[in-house]
Amino acid sequence: MNRRTFLRSTSAAVGAIALGSQSEQPTLAQTVEGAPTFRRPKVILPVPTPSAQYQKVQAGVPDTQLTREATGLLHEFSTPLLFNHSHRVFFWANELGKQSGQRFDVELLFVCASFHDMGLLKKFSSETDRFEVDSANAVRQFLEHHKVPASRIQVAWDAISLHTTPGIAAYKPIEVELLYNGVGLDVLGIGYETFPEVVRKQVVAQYPRVNFKQNIAKAFLGGFEHKTQSTEGTCNEDICSQFIRSYKRSNFYEQIENSPFQNS
């Protein structure tokens, strides 16, 4: 990825109020006509329940059933690289949320941070969708299984599917922007200079960045090397260009010029 793929958060106030877990009955998002607005992938990749031995949250993470199971999935099915990265993203996003002075859902934010790169893993990777969409579909399945209301599920889906897409997150619910900026800080260092140094050092000490720059790039490649067409028009084309000798990135201008329609 490169620096243009993320935007810096402009939030500056302090003191956020975290929203707790909700226990309403499950619903489907509905249009005015009553049809579900969620559109399902053709192939559903099952999200397993992690073993009980892995369901233990880290210090500073809200302790709920959702966060315990999300942590368990990272422990059991992810990698140490993504485990540490996902936790750092949460702590960066959580601190930015506190600085914003806005109410935000800490529990949902952690779940989003936990799932945002799940689509890079073979277990959760589809044959054709963007890895961000695979990750978002996994979190939706996970949250639906726990009977989370559709409105919260949609926020989580948007946050994860848009976490590498610039220019949109700032106009979505705050959790979407916080995840986006947390990822931008951890991967690209955006906001590093203005982020509280004491928090930065504490989090990195607990979740080290061992050869992170090189290994995260390789993790990205591994997530979509088998479906490079899914990176077209995204920052992930830069990863393909860097590592795949035969890769030819898309060119939007050429696509316009090559349209079969003729000028009239």
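Starting from 1, residues in each chain are numbered consecutively following that chain's sequence as written. For this predicted model, a pLDDT threshold of at least 70 governs which residues receive local features, and a threshold of 80 or more governs which side-chain atom pairs are given and counted, while totals over whole chains, interfaces and linings are taken from all residues. Side-chain metrics in this entry use all non-hydrogen atoms of the structure; hydrogen atoms and water are not considered.

S.K.: Account for the nonpolar core, with residues named and values stated.
M.R.: Buried Ala, Val, Leu, Ile, Met, Phe, Trp, Tyr and Cys residues form a nonpolar core when they are joined through side-chain atoms within 4.5 Å. Relative accessible area decides the class of each residue, using a 1.4 Å probe on protein chains only: under 20% of the type maximum gives buried, over 50% gives exposed, and in between gives partly exposed. Core analysis: the largest hydrophobic core is formed by 71 residues, its most contacted members being Phe90, Val111, Phe115, Phe142, Leu143 and Leu179. When near neighbours in sequence (up to four residues on either side) are disregarded, Phe90 contacts Gly60, Val61, Pro62, Val106, Leu109, Phe110 and Ala113. Only heavy atoms matter for contacts: two residues are in contact if any of them lie within 4.5 Å across the pair.

S.K.: Please give an account of unusual backbone geometry that cites residues and values.
M.R.: Of note, the phi angle at Lys147 is positive, near 60°, even though the residue is not glycine. The way it works is that DSSP assigns letters per residue, a run of H or I at least four long becomes a helix, a run of E at least two long becomes a strand, and they are numbered from the N terminus. Turning to its location among the elements, Lys147 is positioned in the loop between α4 (131–145) and α5 (150–161). Phi at Asn211 takes a positive value of approximately 50°, unusual for a residue other than glycine. Checked against the element boundaries, Asn211 lands in the loop between α7 (197–206) and α8 (212–224). Of the residues examined, Asn211 reaches a relative accessible area of 43% and is grouped as partly exposed.

S.K.: Tell me about the environment of Tyr192, and name the residues and values.
M.R.: Relative to the assigned elements, Tyr192 resides in the loop between α6 (174–188) and α7. Assessed through its relative accessible area of 42%, Tyr192 is described here as partly exposed. Setting aside residues no more than four positions away along its own chain, Tyr192 makes contact with Leu185 and Arg200.

S.K.: How would you sum up the side chain of Ser135? Please name residues and give values.
M.R.: Its location among the elements puts Ser135 in helix α4. If sequence neighbours within four positions are ignored, Ser135 has contacts with Phe115, His116, Asp117, Met118, Gly119 and Ile160.

S.K.: Could you give an account of the side chain of Arg200, naming the residues involved and the relevant values?
M.R.: Checked against the element boundaries, Arg200 lands in helix α7. One buried charged residue, Arg200, forms no salt bridge at all, with the nearest opposite charge on Glu197 at 4.3 Å. Beyond its immediate stretch of four places on either side in the chain, Arg200 contacts Trp92, Tyr192 and Phe195. Counted as positive: Lys and Arg. Counted as negative: Asp and Glu, with His and the chain ends omitted from the count. When a carboxyl oxygen of Asp or Glu is within 4 Å of a side-chain nitrogen of Lys or Arg, the pair counts as a salt bridge.

S.K.: Break down the packing of aromatic side chains for me, with residues and values.
M.R.: One pair of aromatic rings is described through two measures. These are the centre distance and the angle between the planes. A pair of Phe, Tyr and Trp rings is counted when the ring centres sit within 6.5 Å of each other, with Trp represented by its six-membered ring. The angle between the planes then sorts it: under 30 degrees is stacked, over 60 is edge-to-face, the rest tilted. Inspection of the entire model under this criterion finds seven aromatic pairs. Seen from their ring centres, Phe91 and Tyr207 are 5.9 Å apart, and the 25° between their planes marks the pair as stacked. You can see Phe91 sitting in helix α2 (residues 80–100) and its partner Tyr207 sitting in the loop between α7 and α8, a full 116 residues away along the chain. Relative accessible area serves as the criterion here: at 13%, Phe91 is assigned to the buried category. Charge-over-ring contacts are defined here by two conditions on Lys NZ or Arg CZ: a distance within 6 Å of the ring centre and an angle within 35 degrees of the ring normal. One residue, Arg88, lies across the ring of Phe212, its end atom 4.7 Å from the ring centre. Lying across the ring of Tyr192, Arg200 places its NZ or CZ 3.9 Å from the centre.

S.K.: Now, about the packing of helix α3 (residues 106–115) against α6: what can you tell me, with residues and values included?
M.R.: Axis angles are defined between N-to-C directions and span 0 to 180 degrees, where every axis is a line fitted to C-alpha atoms and, for a helix, only to the segment in contact. The N-to-C vectors of α3 and α6 enclose an angle of 40°; their axes lie 10 Å apart at closest approach. Taken together, the axes of α3 and α6 lie oblique to each other. In this structure, the crossing between α3 and α6 has a hand that is right-handed. Packed against α3, whose contacting residues are Leu109, Cys112 and Ala113, the element α6 presents Glu175, Leu178 and Leu179 at the interface. All residues other than Ala, Val, Leu, Ile, Met, Phe, Trp, Tyr, Cys, Pro, Asp, Glu, Lys and Arg, Gly among them, are scored as polar; the first ten of these are nonpolar and the last four charged. Taken together, the residues of the contact of α3 with α6 break down into five nonpolar, no polar and one charged. Reported orientations rely on four angle classes, namely roughly parallel under 35 degrees, roughly antiparallel over 145, roughly perpendicular from 65 to 115, and oblique for the rest. Crossing chirality is assigned from the near helix's rotation relative to the far helix, an anticlockwise turn below a right angle marking it left-handed and a clockwise turn marking it right-handed.

S.K.: Account for the environment of Glu232, naming residues and giving values.
M.R.: Position of Glu232 relative to the elements: it lies in the loop between α8 and α9 (236–243). Distance from Glu232 to Arg130, taken between C-alpha atoms, is 9.3 Å for residues 102 residues apart in sequence. Discounting chain neighbours no more than four positions away, the residues touching Glu232 are Glu237, Ser250 and Gln255. A polar contact is formed between the side chain of Glu232 and the side chain of Gln255, at a distance of 2.7 Å. Polar contacts here mean pairs of N or O atoms no more than 3.5 Å apart (in protein, one a potential hydrogen donor and the other a potential acceptor; neighbouring residues in sequence count only if both atoms are side-chain atoms).

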